[in-house]
Each structure stands twice: as C-alpha cells, then as structure tokens.
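Descriptive structure summary
The primary structure of each chain is shown beneath.
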Amino acid sequence: MADEFLLRMEGISKSFPGVLALDDVHLEVRPGTVHALMGENGAGKSTLMKVLIGIYQADAGTITFRGSPVQIPDTAHALRLGISMIHQELSPVPEMTVAENIYLGREPTNRLGLIDKRRMYADTRELMAKWDIHLNPRVVMKRLSVAQTQMVEIAKAISYDARLIIMDEPTSALSEREVDHLHGMISSLRGSGVSIIYITHKMDEVFKISDYVTVFRDGKHVSTLPAAELDRQRLIALMVGRELTHMFPKESAEVGEVVMSVRGLTRKGLVKDVSFDLRRGEILGLAGLMGAGRTEVLEGIFGVAPIDAGEILIRGKKVTINSPSDAIDHGLGMLTEDRKRTGIMGVLSVRDNITIASLQRFSHFGLLRKRQMDAASRRERDALAIKTPSIHQLIKLLSGGNQQKVLVSRWLLTTPEILMIDEPTRGIDVGAKAEIHRLMSNLAADGKAILMVSSELPEILGMSDRVLVMHEGRITGEFSRADATQEKIMHAATGNPAVAAA
Amino acid sequence: MTGAGSAGSLTGERLGEVLRKYAIIFILLGLVVVLSIASPSFLQPQNLINVVRQISVIGLLAIGVTVVIISTGIDLSLGSVLALASVVAASFAQAPDWARPMYPGLQLPVLLSFGAGIAVGALCGLINGALIAGFRIPPFIATLGMMTAARGVALIYSNGRPISGLTDEFNYIGQGSVLGIPIPIIVLAVVAIAAHLMLHNTRFGRHVYALGGNEQAARVSGLNLTRIKILIYVFAGALAGLGGLVLSARIGSGQPTLGQGAELDAIAAAVIGGTSFAGGIGTIWGTLVGALIIGVINNGLDLLNVSPFSQQVVKGVIIVIAIIIDERKNR
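What you are looking at is a predicted structure, and each value in this text was computed from that prediction instead of being measured.

Let us look at the overall build of chain B. Check the secondary structure of chain B and you find 14 helices and two strands. Taken over the C-alpha trace, chain B has a radius of gyration of 21 Å; the compact-globule value for 331 residues is 20 Å, and the two agree within 12%. C-alpha extents for chain B along the principal axes are approximately 85 × 55 × 35 Å. Across the 331 residues of chain B, 48% fall into the buried class. Long-range contacts, defined here as pairs at least 24 residues apart, represent 81% of the contacts in chain B between residues at least 6 apart.

From N to C terminus, chain A includes 18 helices and 22 strands. With 502 residues in all, chain A has 48% of them scored as buried. In chain A, the share of contacts with a sequence separation of at least 24, taken over all contacts with a separation of at least 6, comes to 67%.

According to the domain assignment, chain A consists of domain 1 (7-240), domain 2 (246-331 + 416-502) and domain 3 (341-415). Centre-to-centre, using C-alpha coordinates, domain 1 of chain A lies 34 Å away from domain 3 of chain A.

So, on to the interface of chain A and chain B. Residue-level contacts link 26 residues of chain A with 19 residues of chain B. When contributions to the side of chain A that touches chain B are tallied by element, the ones reaching two or more residues are α10 (324-329), α11 (339-343) and β18 (367-368) of chain A. For the side of chain A that touches chain B, a count of residues per class yields 14 nonpolar, eight polar and four charged.

Time to look at helix α2 (residues 23-38) of chain B. Residue and element names in this part refer to chain B. The terminal C-alpha atoms of α2 lie 22 Å apart, and with 16 residues this matches the ideal 22 Å at 1.5 Å per residue to within 8%. Burial in α2 covers these residues: I24, I27 and L35. The arc enclosing the buried residues of α2, seen along the axis, measures out at 60°, which places them on a common side. Turned more than 90 degrees away from the buried face of α2, the exposed residues are L29, G30, V33 and I37.

Residues and elements named next belong to chain A. Non-glycine residue D273 carries a positive phi angle of around 50°. Mapped onto the fold, D273 is located in strand β12 (residues 271-279). Although it is not a glycine, F365 sits at a positive phi angle of roughly 50°. Along the polypeptide, F365 turns up in the loop between β17 (363-364) and β18. Judged by C-beta crowding, with 4 C-beta atoms within 10 Å, F365 ranks as exposed.

Rules of the game
- Throughout this description, residue numbers start from 1 for each chain and increase along the sequence as written.
- Chains carry letters and ligands carry numbers; both start at the beginning, A for chains and 1 for ligands, and go up in the order they are written.
- Owing to the predicted nature of the model, reporting of local features is limited to residues with pLDDT of at least 70; listing and counting of side-chain atom pairs is limited to 80 or more, with chain, interface and lining totals taken over all residues.
- Numbering of helices and strands starts at the N terminus; helices are DSSP runs of H or I of at least 4 residues and strands are runs of E of at least 2.
- In this treatment the radius of gyration is a C-alpha quantity, and the globule benchmark scales as 2.2 Å times the residue count to the 0.38 power.
- With C-beta atoms placed from the backbone, a residue is buried if 20 or more other C-beta atoms are within 10 Å of its own, exposed if 12 or fewer are, and partly exposed between those counts.
- Contact criterion: two residues are in contact if their C-beta atoms, reconstructed from the backbone, are within 7 Å.
- Where each domain begins and ends is defined by an automated method or by a domain database.
- Residue polarity is assigned by list, with Asp, Glu, Lys and Arg as charged and Ala, Val, Leu, Ile, Met, Phe, Trp, Tyr, Cys and Pro as nonpolar; anything else, Gly included, falls into the polar class.
- A helix is expected to reach a length of 1.5 Å times the quantity of its residues less one.
- The arc in question is the one traced by the directions running from the helix axis out to the C-beta atoms.

Shown next as structure tokens:
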C-alpha cells in the first residue's frame with residue numbers, strides 16, 4: 001500500500017499573519033502520472049508546492065515521499081530527495097551562460113577543485129540534444145527570449161534526475177509550438193516513471209496532458225478526480241464553486257468614430273509598417289505569437305520606446321509622443337504585459353498604486369489632498385470590486401487579478417479615451433479573469449477605445465470587435481468579430497497569408 | 001486544542017509583529033535605559049539636549065540621503081559638499097574688523113551668505129543629478145566623483161586653511177538658542193517636518209516612492225524621471241549645504257576638512273531607521289530615530305569613558321544588529 005503513491009501530503013496547514021493559506025489539505029500523486037493542480041489564485045496551490053520543496057514550513061501535517069516520511073527544511077534537501085520545481089517567475093542569472101545556469105551550485109569540478117567547463121558544456125549539450133532543445137549552451141541568459149529562458153528552466157529541472165517535477169504555469173510565456181514541445185517532453189518523462197505536478201490556468205492543457213486533477217479553493221482541497229471524468233464546465237464549477245456561464249462577456253457596444261489612427265509605424269527589426277484605426281467603443285484585438293511585435297507596437301505608440309518611422313493621429317490630428325507622459329496628455333493609458341516588472345510598485349500601498357499616474361488632480365497649492373486620494377481609491381476599490389483588506393495594504397500582498405484591477409483603476413483615474421491593455425489576464429485565475437473581461441466590456445460600452453494584446457485565442461475571439469493578427473512585425477490578417485476563427489488567426493499568425501486571405 | 005493553539009500563536013504573532021515594526025524605537029529606548037543606569041549624568045536635560053544638538057548636522061544629511069535611498073540611489077558626496085558650502089558661506093560672512101579677510105571690504109547681509117552656502121550645495125546636487133539622470137552614470141560612481149572633487153574645490157577655495165572671524169549673526173545659527181533650545185535642533189526639526197510633508201503630501205514625494213518602488217512602472221505611469229532624479233540630488237545637496245552652514249556657525253569658522261565620513265554616518269542613520277536600499281521604503285521619522293541611536297551611542301560611550309577606538313567598534317556592531325533586526329521585519 002505504501003507503494004501506491006509516490007508522494008503523499010496529509011493534513012497540511014499553513015498560516016500567514018491574518019491568512020490561513022492552507023487548511024488541512026491533502027495531495028496524493030501516483031508514480032508516472034501527470035497531476036494537474038487547479039484553482040483560482042490564492043487557492044493555495046503555490047503555497048502547498050512551496051511547502052513541498054521546503055521554501056515554507058507547514059504548521060501541521062506530514063509528507064511521505066517514496067514510502068517514507070520526510071522533513072524538507074530547504075530546497076536543496078528537496079532536490080536531494082528528487083523533487084524539483086520550475087517556478088512561475090523565472091530567476092536566471094542574466095550574465096551567466098545557459099550551462100552555468102543549469103549547473104549553478106553543482107558545477108562539475110576536476111581534481112584541482114576547479115570548474116570542469118568542458119564537462120559542464122558537454123553535459124549541457126547532451127541534455128539539450130536528449131530533449132530536443134535547440135539552444136547553444138554558451139549563450140548568455142540575458143540574450144534569450146522569455147520562451148527560451150523557460151526552456152532552460154525546464155531543462156534544468158529535468159537535469160536533477162528528479163522523481164517528481166513541479167511545473168508552475170510553465171506555458172504562460174510559450175508559443176503554441178513550444179507548448180507542444182513541452183507536452184512531448186512531459187509525456188516521455190511520464191513514460192520513464194517521473195511524476196509531474198502541473199499548475200496551470202489553461203483548461204485545454206489540463207485535458208490534453210493530465211491523468212489526475214486536484215482542485216483547490218480558498219486554501220482547501222475540493223476534490224481529486226481522474227481527468228477523464230471531468231469536462232470544462234465541471235472543472236470550472238469546482239474551481240469557482242459556481243457555474244460560469246459567460247467566460248467572455250463582451251457585449252456589443254456602439255462602435256463610433258475613429259479616435260486613433262496609426263500610420264506606417266516602424267521600429268527597426270521589431271515592427272514593420274503597421275497601420276490601423278481604433279474606434280470609440282471598440283475592442284480591437286491584436287493577436288499573434290510571442291515575438292510577433294505586438295507589445296512593441298504598444299510601446300511605440302505610448303512613447304516607451306522610440307519609433308523609427310510612422311505617425312499617430314488622435315482624433316485626426318497628428319501628435320508627437322516622445323514619452324509616456326505625452327501619451328497620457330493625449331488621452332492614452334497602457335497596462336503592460338508584465339505586471340510585476342513594469343506595472344505594480346510592490347512595496348507601495350494600493351492607494352499609492354492607484355493614484356500615482358493622476359496625482360495632479362489631488363494636488364492643491366502643491367500639497368496633496370490625502371482625504372480625496374483615499375476617497376477616490378475607495379471608490380475605485382468598490383467600483384472594480386478589488387479585494388483588499390484596506391487601501392493601505394501593500395499591493396504585493398494582493399492576488400494577481402486584484403493587482404490587475406488596481407492597475408486598471410490607475411489608468412481610469414487619468415480619464416483616458418484610449419486604453420491599451422497587454423495580456424489583460426495573464427496569470428490571473430478564472431473568476432478574476434471573467435471580472436476583468438466584464439470590466440473591459442463595460443469600459444468599451446462607456447465609449448473608451450480599447451486596444452488589447454492577447455496570446456489566448458479564446459480571449460481574442462471572445463472579447464474583440466475586430467482582430468488584427470501580427471507575424472514578424474507585420475500585420476498579416478484582419479478579421480471582423482463574425483469572421484474570426486481560431487484557424488484563420490493561427491494561419492495569419494504563422495505567416496500563411498494565402499489561407500488567411502481566403 | 002487546535003483552536004486554543006492557533007489563538008495563542010496568533011497573539012504571539014501579533015506581539016512579534018509589533019516588536020518588529022517598532023524595533024528601532026525599542027533599540028533606542030533600550031540604549032537609553034542601559035546608559036541611564038550606567039551613567040547617572042546621561043539623563044540630565046542638558047546632556048540630552050547635547051545629544052540632539054550633536055546629531056543635528058548628521059540629521060540634516062541623513063534626511064537628504066533618506067530621500068535619495070528611497071529612490072534607489074545613493075549619495076556619497078554629502079560630507080564633501082558640506083565642507084565646500086562651509087568655506088564658501090564663511091568667506092562671505094567674515095566680520096569687517098577681522099585681520100585677514102578673504103574679500104577685504106566685502107560686507108554682505110548674513111542671509112546672502114546663508115543663501116550662498118545652500119546654493120553651492122544645491123549646485124553640487126544638480127551636477128550629481130545631471131550625471132545620474134542625464135548621462136546614466138550609476139549614483140555610486142557619480143557621487144564618488146563628486147565626493148573627491150568637491151573636497152578638492154573646498155581646499156583650493158580656502159587655500160587649505162580655516163576661514164575664521166565670522167560675524168555674530170552668522171554664528172547665531174550654530175551657537176544661539178531660543179527658549180533654551182539650540183538653533184541647530186530647531187533647524188533640524190523644521191527641516192524634518194518639511195521633508196516629511198514633502199515626501200507624503202506632495203506629488204514630488206509620492207513620485208520618489210514610485211520611482212524607488214518600480215522605476216519601469218513609474219516611467220510607464222508618465223512620471224518625468226529625469227526631473228525627479230535631478231531634484232532628489234539637488235534636495236540632498238542643498239541640505240548638505242545647510243549642514244555646512246550650521247556646522248561652520250557652531251565652530252565659528254569655515255573649514256575645508258569638515259564632514260569627512262559624515263555621509264557614511266548619515267547613510268547609517270537612514271538605514272538603521274528602516275530605509276531600504278531596495279527602494280520605495282523609508283521615513284523621515286525613522287531616519288531621525290536612526291540618527292538619535294548613533295548620537296546616543298556616541299554620547300553614552302563618551303560618558304562611560306570608552307576610548308574613541310572602541311567606540312567605533314561598538315558603533316559598527318550596533319549598526320549591523322539594527323539592520324539584521326530590520327531585515328527580519330521585511331520578511
């Protein structure tokens with residue numbers, strides 16, 4: 001009986017000041033299976049995994065691994081036991097090479113105690129070849145794209161010869177093809193008896209690769225079922241505790257006059273001759289694969305990065321935008337792709353994060369009216385249903401979905417006409433996702449023009465009135481809401497104009 | 001059993017939280033208690049006023065460097081800038097009957113010499129800020145350069161000698177007192193309140209926190225980072241200039257060798273007071289407590305006749321302990 005499960009976590013509880021993050025939960029993983037861990041952000045998935053690899057110590061509960069009870073005081077111990085984890089937030093050393101990152105902390109040494117570089121690079125090459133990853137081990141990490149960095153992290157996790165690999169949203173930065181590649185790697189790992197705990201928000205993946213699914217909600221174990229016994233609706237219902245009828249609730253708003261025109265926007269090597277119009281009340285979806293140049297278009301428009309050619313017209317008038325503050329003056333707002341790196345100010349309060357782009361309106365004779373700032377922040381919190389114990393809470397303590405809502409309110413306070421939103425729901429749980437979508441829909445109905453970049457096709461199809469598709473810096477397709485299909489968009493996104501045009 | 005256990009640990013946690021949050025206050029109080037037991041004269045009002053007066057100049061520099069550190073910068077030049085401001089201001093404030101004035105016959109209103117000192121400090125800060133924001137030189141390097149250069153200019157300007165014979169009006173801001181409270185303490189208090197208001201109640205102040213909290217996000221939010229950074233260093237430089245005035249007035253002469261290493265004491269005060277080198281975190285009152293801790297240690301060890309050599313060791317150890325405690329708080 002002890003052999004039935006590779007891992008057994010029982011009665012695990014963990015609390016942080018003010019929060020009971022895990023409440024007497026259990027998790028059993030069979031050898032050679034892919035076990036999906038699902039649940040909204042804040043459900044306790046990541047906390048449980050951090051307990052498993054020794055980043056956190058549980059307040060109560062036991063862990064049994066390979067038949068014997070274990071204590072896991074730190075990650076090094078977890079690795080020795082054969083448990084490795086690919087973290088959601090990647091943490092490579094940017095100045096080191098691929099091989100140096102993979103062997104960080106366990107560099108092969110020669111008899112003199114010096115690093116045996118030849119062996120390290122040979123081993124890395126072998127590892128890469130075995131798993132069919134096309135990367136030069138001598139390339140410095142900072143030169144890699146996010147997707148390539150992700151592949152290195154995966155290779156690193158495998159290289160520990162782990163019996164159990166935890167993957168925390170490993171595909172959030174990967175293109176379709178790379179996701180397929182990863183799924184292939186997972187199947188062969190499973191074939192060789194390795195178990196995978198797979199944390200994801202993407203439904204399709206769950207049904208494609210997992211054998212078992214465990215759902216968490218609010219720090220509690222809800223249920224564990226074979227994947228074959230589940231379908232999408234049922235799974236979502238388990239996660240949110242309610243039937244979710246409208247995942248993408250974009251309602252038809254009256255699409256009005258053109259508010260912004262982009263003509264011939266070009267950034268060398270990134271964006272080539274991009275032109276389009278954006279209308280009042282419209283959500284314009286910008287689809288494409290990673291690296292197609294979509295984010296770069298937004299950066300060019302918003303003055304984050306200089307453009308080499310092209311012009312931007314706001315309500316028919318040519319404008320010059322050299323910095324984000326110029327863009328804001330012209331009624332633009334932008335939510336960036338990477339909330340943590342370029343969005344939130346983690347150590348500042350919710351209120352400070354909400355008001356930072358619009359302090360001018362709270363400033364009277366040079367002094368800020370704190371009470372007005374508090375009132376405006378509370379209004380936004382209530383209007384957008386931001387879940388936070390107080391507007392003075394540090395934003396880093398909020399869940400991803402609530403952080404995103406804070407950033408939306410930051411821009412709403414600048415009263416923009418045009419809102420550019422890059423990956424509006426990346427890394428956000430299902431419930432909050434629907435709320436963000438409803439919010440965007442309402443904003444469009446209020447007459448805002450929204451330019452949305454998204455890598456999730458259902459989101460593009462569900463939310464956009466019109467879809468532009470980019471491939472290698474160019475626009476390769478344009479579809480109305482009625483015409484757009486997954487197939488057409490993917491064809492245009494992979495640079496297949498013949499089919500896209502048909 | 002579980003219920004009682006968790007309730008117990010919760011109150012335990014609360015207590016721990018309070019202890020950690022106000023750790024530096026407790027450290028200060030602890031030092032005061034220990035010293036007042038060890039040396040009866042410590043708690044004498046006159047001695048306490050002395051302690052505060054002694055930290056007034058470091059306190060001014062520390063307030064400036066707190067703002068700099070919140071923005072994820074650093075300013076190593078403040079001690080040298082203080083010396084430069086000291087000699088420049090003193091050269092405009094010599095009494096007409098002094099034997100060897102630098103500018104014979106020159107007689108300026110005292111406020112003008114004050115203005116000159118502060119302006120010199122602000123100018124140095126402007127150069128720092130321009131190097132950092134305009135030429136994108138790391139703050140450590142830019143202000144290291146200024147630290148050396150400003151000291152050199154101070155030595156050249158004064159010919160390496162003290163500039164003495166200052167007017168009584170000038171010396172008043174270092175030696176005078178109102179209702180028994182020395183002017184330097186009043187200056188520090190006024191500046192501290194103003195700086196606190198600036199950080200928390202002006203756009204500029206919130207922008208400083210935003211810049212330190214996440215520079216990229218601040219940029220996308222439309223903040224003019226070049227302007228903000230330059231103003232931050234101008235502010236710190238101007239306060240170093242003011243510190244130079246107060247110190248010169250206190251000792252009655254401008255000296256090019258003043259303030260050596262003062263920037264490090266100022267940084268220590270800021271950091272003991274909870275300002276985070278990672279940026280976005282720090283308060284003026286915390287920095288003042290940090291400066292007071294340094295002042296109390298200096299004073300107490302003097303009273304206990306600890307040799308100056310050993311004093312440095314004690315100071316270093318206490319700084320590091322304070323940071324360890326603070327570091328745990330932020331976990």
